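Fold and geometry: a report
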Amino acid sequence: MSKEKVQIFDTTLRDGEQVPGCKLNTDQKLIIARRLDELGVDVIEAGFPISSPGDFTSVVEIAKIVKNATVCGLTRAVKKDIEVAAEALKYAQKPRIHTGIGTSDSHITHKFKATREEIIERAVTAVSYAKTFVDDVEFYAEDAGRTDNEFLARVCEAVIEAGATVLNIPDTTGYCLPEEYGAKIKYLRDHVKGIENATLSCHCHNDLGLATANSIAGVINGARQIECTINGIGERAGNTSLEEVVMILRQHPDLNLDTNINSKLLYSTSRMVSESMGMPVQPNKAIVGANAFAHSSGIHQDGVIKNRETYEIIDPADVGVTESAIVLTARSGRAALAYRAKKVGYELTKLQLDEVYGEFLKFADMKKEILDEDIHEIMQVCKLSEIRTV
Ligand code: KIV
Ligand code: ZN
């Protein structure tokens, strides 16, 4: 049975780039946009065109070079924003305007000092106006995570009627639990008239470390687009991480969902974004962290050497990592030492391994990690250098 597609909406260049220190110039953004297109994302949110002349130019230039993906520009529910976004997107082969407004009581009362009815009216006006420029209009209900479901459903119904093609349900503050977020998506599917004419989209922030879990709960409950960023960068604690949701769907065929992403480009794309933004990836980051395929304890190393799948659920090659790493530390056992020694040219007998292992532990207690050059030194101390074959 063929799997249903979940669209990947990448907002690295908008929600990701607005993080302090992550600012990119237009040339850097073009390199990343080209790579995102090659990676297979369905939508590239290229920026917020009215926010600055630089962002406007970046959206224009990205719209010119992207070949496959839809190119999207963010706006508030403000006429001028929409006009500027439409102008910035005029060269895009597949343009999308992403407009919206806050829908939670907190946003309505404090940010807009408005009523619920006025918010619906502004939402409809914005979507209808955006529709005069492009066919593809995505509406975001900012702070949908804390918006009561009944009102949210009314907003969604009204903007679908005005022509919205995609409904973005952001958990802007990263507040929701996965069950709650999933139930919200299900509620909208069950209660919004015309929902079959629109795609529900998950846009989750990571304030409680739940962005990925919430996005997956969203697609399990019927959303068919996930908004995410490379390495999970984004406001505060970040956005849903693209590489995580892609690999979760791939590793769980039972969900019967997949994306168009070429997963073999995930690792190199992660490094490209990290380097150009000057934003390091934490070593224990799922999928793309330096330790994601590194094994350091003796028990795990022994298991992986016998059969990689004992401790790895993903083949590193599937995400573009050349091989699993066996990291030698004082917690490593003989199997790992023999494995690494062989890699650098020493085939040890059982007796030799016993001797070398004693010396290895002395070295390892003095260092965080034993490197290839340390192995050569240990062999010298054990007077075994001459057995080296490579
Ligand atoms: O988190 C959010 O609500 C957003 C919207 C502007 C889409 O980024
Ligand atoms: Zn966001």
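Whatever comes next refers back to the structure up there.
Here the structure is a predicted model, which means the values were calculated and not measured.

**Side note on the pairing of strand β8 (residues 199–204)**
- Where burial is concerned, most of β8 is hidden: five out of the six residues are buried.
- With helix α8 (residues 178–191) bridging strand β7 (residues 166–171) and the parallel β8, this β-α-β connection has right-handed handedness.
- In this structure, β8 lies alongside strand β9 (residues 225–228), joined through three bridges in parallel fashion. By the bridge assignment, S201 is partnered in β9 with Q225.
- In this fold, β8 hands off to helix α9 (residues 211–220), which returns the chain to β9; that crossover is right-handed.

**Quick look at the environment of L89**
- Residue position: L89 is located in the loop between α4 (79–88) and β5 (95–102).
- On the accessibility criterion, L89 (1% relative accessible area) is buried.
- Between the alpha carbons of L89 and V71 there is a distance of 7.4 Å; along the sequence they are 18 residues apart.
- Beyond its immediate chain neighbours, meaning those up to four positions away, L89 contacts V59, A63, V71, C72, G73, P95, R96 and I97.

**Observations regarding the site of ligand 1**
- R14, D15, H98, Y140, E142, N168, P170, T172, H203 and H205 make up every residue found near ligand 1.
- The side chain of R14 places a nitrogen or oxygen atom 3.0 Å from an oxygen atom of ligand 1.
- The fraction of the free accessible surface of ligand 1 (260 Å²) that becomes covered by protein chains is 92%.
- Listed by contribution, the elements that provide at least two residues to the shell around ligand 1 are α1 (12–16), β6 (136–142) and β7.
- Of the residues that constitute the shell around ligand 1, the class distribution is two nonpolar, five polar and three charged.

**Some points on the coordination of the zinc ion (ligand 2)**
- The zinc ion (ligand 2) binds to the protein through D15 (OD), H203 (NE2) and H205 (NE2); the donor distances cover 2.0 to 2.1 Å.
- Of note, the donors binding the zinc ion (ligand 2) are all from one chain and are spaced D-x187-H-x1-H.
- Given the relative accessible area of 5%, H203 is considered buried.

Procedures and definitions
- Every residue gets a number counted from 1 within its own chain, in the order that chain's sequence is written.
- By the order in which they are written, chains take letters starting at A while ligands take numbers starting at 1.
- For a predicted model such as this one, the threshold for reporting local features is a pLDDT of at least 70, and the threshold for listing and counting side-chain atom pairs is 80 or more; totals across whole chains, interfaces and linings nevertheless cover every residue.
- Heavy atoms from the whole structure form the basis of all side-chain values; hydrogens and water molecules are not counted.
- We call a residue buried when its accessible area falls under 20% of the maximum for its residue type, exposed when it is over 50%, and partly exposed in between, using a 1.4 Å probe and counting protein chains only.
- Under the scheme used here, helices are H or I runs from DSSP no shorter than 4 residues and strands are E runs no shorter than 2 residues, and both carry numbers assigned from the N terminus.
- Look down the strands so they point away from you; if the path from the first strand over the helix to the second goes clockwise, the crossover is right-handed.
- Criterion used throughout: strands pair if DSSP finds at least two bridges between them.
- Whether two residues touch is decided by their heavy atoms; if any such pair falls within 4.5 Å, the residues are in contact.
- By convention in this text, a residue qualifies as near a molecule or strand provided that one of its non-hydrogen atoms is within 4 Å of it.
- N or O atoms closer than or at 3.5 Å make up a polar contact, with two conditions inside protein: a donor-capable atom paired with an acceptor-capable one, and, for residues adjacent in sequence, both atoms drawn from side chains.
- What sets the accessible areas is the Shrake-Rupley method with a 1.4 Å probe; for residues, cover comes only from the shown protein chains.
- Polar here means any residue other than Ala, Val, Leu, Ile, Met, Phe, Trp, Tyr, Cys and Pro, which are nonpolar, and Asp, Glu, Lys and Arg, which are charged; Gly is therefore polar.
- Think of the donor list as every N, O and S atom within 2.8 Å of the metal, or within 3.2 Å for Na, K and Ca; water never makes the list, so a site can look incomplete.

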